[in-house]
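# Architecture at a glance
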Amino acid sequence: MRSRGSRDNMILKPPIPIPNPVQAKEPQNSFLKLVLLLIIFLVAGIVTGLSLSSRVDQPVRLQADRFYGTHQTLVPEAYNMCSDCPTEEMCEEEDCLSIESVFKPKNVSHHMSDDELQWRASLVPMQAEYPYTRMPKVAFMFLTRGPLPMLPLWEKFFEGQSTKLYTIYVHALPVFENSVTNTSVFYGRRIPSEKVEWGTASLTGAERRLLANALLDFSNERFVLLSESCIPVYNFPTVYRYLIGSEQSFVQSFDDPSRYGRGRYSSKMQPDIQLEDWRKGSQWFEINRDLATKVVSDTKYYALFKKYCLPACYPDEHYLPTYVHMFYGTCNSNRSVTYVDWTLGGPHPATFTAENITDTFMQYIRNSGLLCEYNGDWTPLCHLFARKFAPSALHPLLNLTSTVLGFQEF
């Protein structure tokens, strides 16, 4: 028998549990599940983030496109006047941002809209000094429907003259195909043009387009508007000295109280343009660089003329005379340097044919006996150009180039 003491001293130990295989793996499986869930949440978060990023970026891009436009580069190709280097590789060989490419475009070809062109042409340097030796030039701007019947006469006018003294710009109808030879001074001088209809604002738009293109060349100091029926009545040196030396511009501007003047005014232009501001004048102007820049920069008054000066109101006869009178009258001579004969009456001036071309007639245009003001003095030299000459007048005029007109022989 076992003693009581031995029974009392016996310690009953709890049975050792037999491990359950399933229960033993539960902690390990929970950890794996937690890791798997974290991975799933991480992947889902990345996918969601990318999706939200693309959705947020899209309206931002759309807003940016609305604000900045749809240009693909910071400097659109339309603004690149260095047309000989359209790629980066070519531009590395020829510096498209050189000072020469800024003040003297190589050609008149570009892809700018009118708004872009006039904005660029309105840029004015704040420094008075030029970073190069500037020779002031005269810009001869031809507004024509098609060919230039007086082309041989003009080529003789420019013959032997330095191209550092003049530039030529031609605005023709887009359907016209230029047939000028590559030896002509007019070769490659046609600007990007638009359709023009007589008596409408498109005519004034073409004038502003010519001015804007000519302003891209910073050496152009004087700007003269000519038509295909215009001729020079003096030689190039005389014309150049007269225009470059003038202290004023030449825009005819006068108050015509008749129905052909004030009668064309629209009260809808008030309060910006009053009846007493309304002026009329010849379309064929000559202006300096400062005034040319002001004209292409104007959007307010030009918009009023486009909207309210409708036939029988003709913007080409009223816009520039009125605008110059309102703001720059003291800088204007109030006369034109282009001779026109209106004595026959009607909506168009007289046309001169071969029968009209004589020594006496041409001398009369050059010196009609009238005196006009020039730099505070009086001079009989009032007209440098004349119109309207028919194609038949070309050959008689060519016979007078060395005698009456004084063109140099080369």
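As shown above, the structure is provided for reference.
First, a word on what this report is: a plain description of the structure on this page. Please read these numbers as outputs of a predicted model, since none were measured by experiment.

## Examining helix 9 (residues 289-297)
- Listed in full, the buried residues belonging to helix 9 are Arg289, Leu291, Ala292, Thr293, Val295 and Val296.
- The elements touched by buried residues of helix 9 are helix 5 (114-121), helix 7 (201-215), strand 3 (220-227), strand 5 (286-288) and helix 11 (315-328).

## Things to note about the sheet that holds strand 5
- Taken together, the 4 strands give an open sheet; going across it, the order is 2-1-3-5, and neighbouring strands pair in mixed fashion. Among the strands making up the open sheet, the edge pair consists of strand 2 (166-171) and strand 5. The sheet shows a mean angle of 20° between the axes of neighbouring strands, taken without regard to direction.
- Pairing of strand 1 (residues 137-143) with strand 2, which is carried by 6 bridges, proceeds in the parallel orientation. Bridge pairing links Val138 to Tyr166 in strand 2.
- Set on the sheet, helix 6 (residues 151-158) makes contact with strand 1, strand 2 and strand 3; between it and strand 1 the angle comes to about 180°.

## Some remarks on the nonpolar core
- Counting 50 residues, the largest nonpolar core has Phe140, Trp154, Met362 and Phe389 as its most contacted members.
- Filtering out sequence-adjacent residues up to four positions away, Phe140 remains in contact with Trp154, Phe157, Phe158, Tyr166, Thr167, Ile168, Tyr169, Val224, Leu226, Phe236, Val239 and Phe385.

## Examining unusual backbone geometry
- Geometrically, the link from Gln270 to Pro271 is a cis peptide bond, its omega value of 5° lying close to zero.
- Omega for the bond connecting Pro311 with Ala312 falls within 30 degrees of zero, at 10°, which places this linkage in the cis form.
- Its location among the elements puts Ala312 in the loop between helix 10 (300-308) and helix 11.
- Although it is not a glycine, Asn334 sits at a positive phi angle of roughly 60°.
- Note that Asn334 resides in the loop between helix 11 and strand 6 (338-339).
- Judged by its relative accessible area of 40%, Asn334 is partly exposed.
- Notably, Asn375 is not glycine yet its phi reads approximately 55°, a positive angle.

## Overview of the state of the cysteines
- With the rule as written, the count across this model stands at 2 disulfides.
- Between the sulfur atoms of Cys309 and its disulfide mate Cys313 the distance is 2.0 Å. With the S-S dihedral at roughly -85°, the linkage between Cys309 and Cys313 falls on the left-handed side. No difference in accessibility class separates Cys309 from Cys313, as the two residues are buried.
- The disulfide partner of Cys372 is Cys382, and the S-S distance across this bridge is 2.3 Å. In this structure the cystine formed by Cys372 and Cys382 twists about its S-S bond by roughly -115°; its chirality is therefore left-handed. Highlighted residues: Cys372 in strand 7 (residues 372-374) and Cys382 in the loop between strand 8 (377-379) and strand 9 (385-386), separated in sequence by 10 residues. As far as the burial class goes, Cys372 and Cys382 line up, both buried.

## Some words on the packing of helix 7 against helix 11
- Where helix 7 meets helix 11, the closest approach of the two axes is 8 Å, and the angle between their N-to-C directions is 50°. The angle between the axes of helix 7 and helix 11 places the two elements in the oblique class. On the side of helix 7, the interface is formed by Ala201, Leu203, Thr204, Glu207 and Arg208, while helix 11 contributes Pro315, Asp316 and Tyr319.
- Of the residues that constitute the contact of helix 7 with helix 11, the class distribution is 4 nonpolar, 1 polar and 3 charged.

Quick notes on the rules
- Residues numbered from 1 in each chain as written.
- Predicted model: local features only at pLDDT ≥ 70, side-chain atom pairs only at ≥ 80, totals over all residues.
- Heavy atoms only, no water.
- Buried < 20%, exposed > 50% of the residue type's maximum accessible area, 1.4 Å probe, protein only.
- Helix = DSSP H or I, 4+ residues; strand = E, 2+ residues; numbered from the N terminus.
- Contact = heavy atoms within 4.5 Å.
- Pairing = 2+ DSSP bridges.
- Axes fitted to C-alpha atoms, helices over the stretch in contact; angles between N-to-C directions.
- Core = buried A, V, L, I, M, F, W, Y, C linked by side-chain atoms within 4.5 Å.
- Disulfide = S-S within 2.5 Å.
- Parallel < 35°, antiparallel > 145°, perpendicular 65-115°, else oblique.
- Nonpolar A, V, L, I, M, F, W, Y, C, P; charged D, E, K, R; others polar.

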